[in-house]
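Here are the chains, one letter per residue:
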Amino acid sequence: KAGVTQTPRYLIKTRGQQVTLSCSPISGHRSVSWYQQTPGQGLQFLFEYFSETQRNKGNFPGRFSGRQFSNSRSEMNVSTLELGDSALYLCASSLRGGSTNTGELFFGEGSRLTVL
Amino acid sequence: AQSVAQPEDQVNVAEGNPLTVKCTYSVSGNPYLFWYVQYPNRGLQFLLKYITGDNLVKGSYGFEAEFNKSQTSFHLKKPSALVSDSALYFCAVAGGGNKLTFGTGTQLKVEL
């Protein structure tokens, strides 16, 4: 069974640009969550999608957005990139979402974004 | 709001010795607690979780964790460490659905 797949694995952007990251969950998983990992702030929750609906959102500015498609694949977008957006962006999938889940997540290897 | 604290940035242990990675939590209500491990340039891997029941939880790769309600702790343990256990370990608490609040991580270094 294939794991969570994130693309691209590495990318470099400049300030002001925008970026789209993709996540394909484990087959059959309907929930996708996104986390940002940085040396200074650690792991921070961005948002969670289940059945194409955003179920939960972290404390990030509106420049960070996401969506989920009918096949459960998810994308996140960051507009008007800032230097501080440089991070490892991790996607995680689970079978269930919302209050029915108990937090056991399957993570992808991440997309490492560098903003110059 | 829930939170977890990992008081040690790094733990060093000799191979074959027992290891403990500490975690304390703060939640209102019943805690859902987790340990995840991250190897270099990889995503996180689930190790174990406490939802309810026995205070000693057994997980993957020989790891276990002890839930202590009175001390609000959830320490990760292993009876005999391996060099291959060297990695970054995160404690986390669930705050509704798949929103996990992670600790700052503890780097475990197991030496020969």
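Refer to the structure presented above.
What counts and what doesn't
- Residues numbered from 1 in each chain as written.
- Chains lettered and ligands numbered in written order.
- Predicted model: local features only at pLDDT ≥ 70, side-chain atom pairs only at ≥ 80, totals over all residues.
- Heavy atoms only, no water.
- Helix = DSSP H or I, 4+ residues; strand = E, 2+ residues; numbered from the N terminus.
- Rg over C-alpha atoms; globule rule 2.2 N^0.38 Å.
- Buried < 20%, exposed > 50% of the residue type's maximum accessible area, 1.4 Å probe, protein only.
- Contact = heavy atoms within 4.5 Å.
- Areas by Shrake-Rupley, 256 points an atom, 1.4 Å probe, with all protein chains shown as cover.
- Lys, Arg positive; Asp, Glu negative; His and termini not counted.
- Charge placed at Lys NZ, Arg CZ, Asp CG, Glu CD.
- Disulfide = S-S within 2.5 Å.

Looking at the overall build of chain B
Then comes step 1: On a plain count of helices and strands, chain B comes out with zero helices and 12 strands.
Then comes step 2: Walking chain B from its N terminus toward its C terminus, one meets helices and strands in the order β-β-β-β-β-β-β-β-β-β-β-β.
Then comes step 3: Against the globule reference of 13 Å for 112 residues, chain B gives a C-alpha radius of gyration of 13 Å, in line with a compact fold.
Then comes step 4: Each principal axis of the C-alpha atoms in chain B carries an extent, and together these give about 40 × 30 × 20 Å.
Then comes step 5: Across the 112 residues of chain B, 43% fall into the buried class.
Then comes step 6: For chain B, restricting intrachain contacts to residue pairs at least 6 apart in sequence, the fraction spanning at least 24 positions comes to 54%.
Then comes step 7: When the accessible surface of chain B is split by element, carbon and sulfur atoms take 47% of a total near 5,400 Å².
Then comes step 8: In chain B, 9 positive and 8 negative side-chain charges are present, and the distance between their average locations comes to 8 Å.

Digging into the state of the cysteines
Residues and elements named next belong to chain A.
Then comes step 1: Tallied over the full model, the rule gives two disulfides over all chains.
Then comes step 2: Disulfide pairing places C23 opposite C91 at an S-S distance of 1.7 Å. Handedness here is read from the sign of the S-S torsion; for C23 and C91, about -60 degrees, the answer is left-handed. A residue pair is termed long-range when its members are at least 10 positions apart, and C23 in strand β3 (residues 19–24) and C91 in strand β9 (residues 87–94) qualify at 68 residues.

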